[in-house]
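Next come the chains, spelled out residue by residue.
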Amino acid sequence: MTTAWSRRALLATGGGAALALGLPTAASASGSAALPASAASTDAADAADDFAALRAKWRDLYLGTGFSPTAEPFKSKLADLGAQASGFRSTMAPARGSLWPDLVYLDPEPDTDTESFNFSANMNTGYNRLRTMAEAYSQPGTGVTGDTGLRDAVITGLDHLHADVFNKTTTRYGNWWNWQIGAPQALMDTCVLLYDALSETQKADYCGAVDKFLPDSAVDDYTGTSTGANRVDLCRGMILRGIVGADAAKIAHAVAALSPVFPYVTTGDGFYPDGSFVQHTSIPYIGGYGAVLNDGLGRLFALLRGSAWEITDPGSRQFLDTIDAAIAPFIYDGLMMDNVSGRGITRAGSSDHTRAHGVMASIVLLGMGAGPEENARWRAMVKGWLQRDYYAPALRAGSLSLVNTARLQTLLDDTTVTASPEPAAHRAFHNMDRVTHRRRGWGAGLSMASERIAHYEFGNGENKRGWHTGAGWLQWWGDGAGLEQYSDAYWPTVDPYRLPGITVSRKKLADGQGGAWANPKPGTKWVGGTGDGEFGTTGQHLQGLASTMRARKSWFWLDDCVVCLGSGITSADGAGVETVVDNRCLGAGGTQRLLLDGEAQPATQGWTTTRTTTWAHLDRHAGYVFPGGTELHALREERTGAWKDINDDGTATPDTRRYLTLWQGHGTDPAGGSYAYILLPGASSKRTADRAADTGWLQILANDAGRTGVSVPSLGFTGVNFWAAGTAGKVTASAPVCVQIHEKRDGTATICVSDPSRTVTGLTLTWRRPVKSVLSRAESVTDVRTGSSVTVTFGDLSRSRGATHTVRVRVR
């Protein structure tokens, strides 16, 4: 087969592929270019072999290889699969409008309104159950392996669904996804697994139904629901339909339709050059749709590699780059940060850990088709995540499919791979208003909103109270701080008005405020930041959701801390406004000690206090320093909630968790409020007290509606958010920009500038510091003058979409 594949790989897709596979072309169909009978027979046999090879490869990709069915965790997983399949078989009862009594898909008023969504979802779930049964029949060690009765039950179910609902005569109703992605994928997977047991008529009927709901035209235009991860899913269904139906043109069409997924985008859905990934126009989504896209492409690359339809688009190379640029920055010690998972954070049974598990397996799969250096780096990276996740390890959490379990177990057992540590790096994703900051021993993620990126996502009844996740929500993990922080029933129990880091009006909002799929966005432009890869400076002109509240928030990302400042806090909602310093989940029974200026506070639930405080410390979590002191509110409370409160499909079972909340109040309808604090993740009480006592460590240069800036002389760091032209310390800017200057011990300094508002068409920046020479400069720099100070002139920055422009100089 190797020789045949090599020959066909040289031929073009479409007509060339059809010719290579011995299928009719326009010319041969008209009789003008008939092949000799012997050649046609040979090519037809080759074509049959080729489709059989693809079916075999997909079986391996779907079922997994290289594991022992008698060894754990595979033995238990296979037994559970068999038990599940047997349960489905015993309860299956074909009837008009249903295949299982609990999955009625007959819609009394079929249309595309949300009332019909459950009916179409039940049809899709029926196909998924049949696929599970087919998998149990095909896998070894399930207890029903090769059970012809189970196989026949699956075929009976396929025939019933085809005759009753999923066929050429049915008009689509409910959710489009179930008809174009969910059901076709499950149906075609099942057909591959049971291919030899299906008649030619059955295969043709099933393929015809897929053609009805997933026609070629579904991928003709890269728009609407046919972009990003959805496009990959559509192409996967179409490719499998081509394999089952021996349709070379169908496969070629789907492969060609993948091409728009690969190039970087500048607006809308897809990957951006800075590593951002957006879906649904304005939702950062690498932990949801991005993960689906990653997994889907990984499988298709592996499936088609070496075939006539191998994915050779030059852009596919660019896609592999997204592993390092877009995905890895949001995985921390085996969890996927919630701030890139949209409404998925409110799904019961999943968590930031489980969302990372499948992504890790996909990275390993993609590595098999990458270069040796990339493959080695990615395997070391994934192995590090696997080893460091002590809370919900991927291979013990039970969330992984059997095939992904096998893939990751093989990596973990590979003694030639040395796990790599978490990197120390700062990343700003200016096209999706997200920031990640990692140091040795801790990491953080920031979530903001702007006129480009939504406050939050609400849809399908999911994430009903995610209103303020774009209001400067700051997640972090530190030494001893716990990888379970946002995993242990956090979302149903946390106060949604007191997410860590946010500035917020306490104005009451309705569940799903803004409406389903509205993706409400603020009208503010100045959101973003800059950084040199080690340190970072970030700002957000915040506008509250359905609120008059405004604030200008700043974060300065340093070696052992984040300096958090806010100014210009105003509101006319008739409600109180707060800045939440932190809100830590202490688990079901946590009593971690809280110190305020070194004095231990009560651990009783319901305890609260308000007092002027210079520093605070929460055992096994973090330290907090308040320069000059502040009036700090503290509260211990038990909070009870259910997943159904925030997601219509969630369980109604209540969960109770304890929280320790620290916040600064700005009063009702403030005018010009401000705040300042330093967050030290994982710090000891001594280090926190020492930082508070070192009053010269941090210099606040400005914190008002025009500028927010700080200097840390010991780090050679200066960061300023110029909300408007002005001066802060030794830095003057002629336009509203973000500026960071980092002096190094080697006598050099890096000046970083960005235009978060995307409105600056020219900038003059002056740093009053003697500079000897310019070592390098961005293309946007039109002039640099050195001497007793340095003045840098920039051209149009607005077109760079918030990206960083760097100038390196040698200081005197």
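Reading guide: rules and limits
- Residues numbered from 1 in each chain as written.
- Predicted model: local features only at pLDDT ≥ 70, side-chain atom pairs only at ≥ 80, totals over all residues.
- Heavy atoms only, no water.
- Helix = DSSP H or I, 4+ residues; strand = E, 2+ residues; numbered from the N terminus.
- Buried < 20%, exposed > 50% of the residue type's maximum accessible area, 1.4 Å probe, protein only.
- Contact = heavy atoms within 4.5 Å.
- Areas by Shrake-Rupley, 256 points an atom, 1.4 Å probe, with all protein chains shown as cover.
- Lys, Arg positive; Asp, Glu negative; His and termini not counted.
- Charge placed at Lys NZ, Arg CZ, Asp CG, Glu CD.
- Axes fitted to C-alpha atoms, helices over the stretch in contact; angles between N-to-C directions.
- Parallel < 35°, antiparallel > 145°, perpendicular 65-115°, else oblique.
- Left-handed = near helix turned anticlockwise from the far one by under 90°.
- Nonpolar A, V, L, I, M, F, W, Y, C, P; charged D, E, K, R; others polar.
- Core = buried A, V, L, I, M, F, W, Y, C linked by side-chain atoms within 4.5 Å.
- Phe/Tyr/Trp six-rings, centres within 6.5 Å; stacked < 30°, edge-to-face > 60°.
- Pairing = 2+ DSSP bridges.
- Patch = residues over 30% accessible without salt bridge, like charges linked within 9 Å, V, L, I, M, F, W, Y side chains within 5 Å.
- Salt bridge = Lys/Arg side-chain N within 4 Å of Asp/Glu carboxyl O.
- Expected span 1.5 Å × (residues − 1).
- Arc of directions from axis to C-beta.

1. Topic: the overall build of the protein
Then, in step 1: Counting its secondary structure elements, the protein contains 18 helices and 33 strands.
Then, in step 2: Based on the C-alpha atoms only, the size of the protein along its principal axes is roughly 85 × 60 × 55 Å.
Then, in step 3: The proportion of buried residues among the 812 residues of the protein is 60%.
Then, in step 4: A separation threshold of at least 6 residues defines the contact pool for the protein, and within that pool the share at least 24 residues apart is 68%.
Then, in step 5: About 28800 Å² of surface is accessible on the protein, with carbon and sulfur atoms providing 50% of the total.
Then, in step 6: The protein carries 76 positive and 80 negative side-chain charges, and their two centres are separated by 6 Å.

2. Brief notes about the packing of helix α14 (residues 352-367) against helix α15 (residues 372-388)
Then, in step 1: Packing of α14 against α15 brings their axes to within 9 Å, and their N-to-C directions diverge by 160°. One way to sum up the angle between α14 and α15 is to call them roughly antiparallel. Crossing angle aside, the handedness with which α14 passes α15 is left-handed. Facing α14, whose interface residues are Met360, Ile363, Val364, Leu366 and Gly367, α15 presents Asn375, Trp378, Arg379, Met381, Val382, Trp385 and Leu386.
Then, in step 2: Counted by class, the contact of α14 with α15 contains nine nonpolar, two polar and one charged residues.

3. Here's the deal with the nonpolar core
Then, in step 1: By size, the foremost hydrophobic cluster in this structure holds 180 residues, and its most contacted members are Tyr127, Leu130, Phe166, Trp309 and Leu408.
Then, in step 2: In terms of residue count, helix α8 (residues 176-193) provides more of this core than any other element does, 10 residues in total.
Then, in step 3: Apart from the residues lying within four places of it in its own chain, the contact partners of Phe166 are Met123, Tyr127, Leu161, Trp179, Ala183, Pro184, Leu187, Ala209, Val210 and Phe213.
Then, in step 4: Counting residues in each nonpolar core, the second largest holds 28 residues, with Ile741, Val790, Val792 and Phe794 among its members.

4. Section: unusual backbone geometry
Leave glycine aside and you will find that most residues have negative phi; peptide bonds, for their part, are mostly trans.
Then, in step 1: Here Glu72 and Pro73 are connected by a cis peptide whose omega angle stands at 5°.
Then, in step 2: Tracing the sequence through the fold places Pro73 in the loop between α4 (37-63) and α5 (74-91).
Then, in step 3: Unlike most non-glycine residues, Ala246 shows phi in positive territory, near 50°.
Then, in step 4: Along the chain, Ala246 turns up in the loop between α10 (228-244) and α11 (248-257).
Then, in step 5: For Asn460, which is not a glycine, the phi torsion comes out positive at approximately 55°.
Then, in step 6: For Asn460, the location among the structural elements is in the loop between β8 (442-448) and β9 (471-478).
Then, in step 7: The exposure class of Asn460 is partly exposed, given its relative accessible area of 32%.

5. Comments concerning the packing of aromatic side chains
Two aromatic rings are characterised by how far apart their centres lie and by the angle between their planes.
Then, in step 1: Evaluated as defined, the whole model comprises 26 aromatic pairs.
Then, in step 2: Ring plane angle 20° and centroid distance 6.0 Å describe the contact between Phe166 and Trp179, whose orientation is recorded as stacked. On the criterion of sequence distance, the pair formed by Phe166 in the loop between α7 (148-164) and α8 and Trp179 in helix α8 is long-range, its members being 13 residues apart.
Then, in step 3: Judged by relative accessible area, which is 0%, Trp179 ranks as buried.

6. Brief notes about the sheet that holds β8
Then, in step 1: The strand order β6-β7-β8-β9 describes an open sheet built from four strands, whose pairing is antiparallel. Looking along the sheet, the strands with just one partner apiece sit at the ends: β6 (425-429) and β9. Geometrically, the sheet is characterised by an average inter-axis angle of 10° between neighbouring strands, direction not taken into account.
Then, in step 2: Relative to β9, β8 is paired through seven bridges, and the arrangement is antiparallel. Note that in β9 the partner of Gly445 across the bridge is Gln475.

7. Overview of the packing of α10 against α11
Then, in step 1: Viewed as axis vectors pointing N to C, α10 and α11 meet at an angle of 165°, and their least axial separation amounts to 8 Å. Between α10 and α11, the crossing angle belongs to the class labelled roughly antiparallel. Of the two elements, α10 crosses α11, and the hand of that crossing is left-handed. Residues Arg231, Cys235, Met238, Ile239, Arg241, Gly242 and Ile243 of α10 form the contact with α11, whose own contacting residues are Lys250, Ile251, His253, Ala254, Val255 and Ala257.
Then, in step 2: Of the residues contributing to the contact of α10 with α11, the split by class is eight nonpolar, two polar and three charged.

8. Topic: a positive patch on the surface
Then, in step 1: On the surface, Lys744, Lys772, Arg808, Arg810 and Arg812 cluster together into a patch of positive charge.
Then, in step 2: Assignment of secondary structure puts Arg812 in the segment after β33 (805-811).
Then, in step 3: For Arg812, a relative accessible area of 60% corresponds to the exposed category.

9. Re α5
Then, in step 1: Relative to the 26 Å expected for 18 residues at 1.5 Å per residue, α5 spans 26 Å between its end C-alpha atoms, a close match to the ideal helical length.
Then, in step 2: Looking at α5, one finds that the buried residues are Phe74, Lys77, Leu78, Leu81, Gly82, Ala85 and Phe88. Buried residues along α5 cover an arc of 135° about the axis, so they all sit on one side. Residues of α5 that are exposed and point over 90 degrees away from its buried face: Asp80, Ala83 and Ser90.

10. What about α15?
Then, in step 1: Compared with the 24 Å implied by 1.5 Å per residue over 17 residues, the 24 Å span of α15 between its first and last C-alpha is a close match.
Then, in step 2: For α15, the full list of buried residues reads Glu374, Trp378, Arg379, Ala380, Met381, Val382, Lys383, Gly384, Trp385 and Leu386.

11. Notes on the sheet that holds strand β25 (residues 726-728)
Then, in step 1: Read across the open sheet, the five strands follow the order β25-β26-β29-β32-β31; overall the sheet is antiparallel. In this open sheet, the two strands that pair with only one neighbour each are β25 and β31 (781-785). Strand-to-strand twist in this sheet, taken as the mean axis angle between neighbours without regard to direction, amounts to 15°.
Then, in step 2: Taken together, the three bridges between strand β26 (residues 731-733) and strand β29 (residues 763-767) define a ladder with antiparallel strand orientation. Within the sheet, the bridge partner assigned to Val731 lies in β29 and is Trp767.

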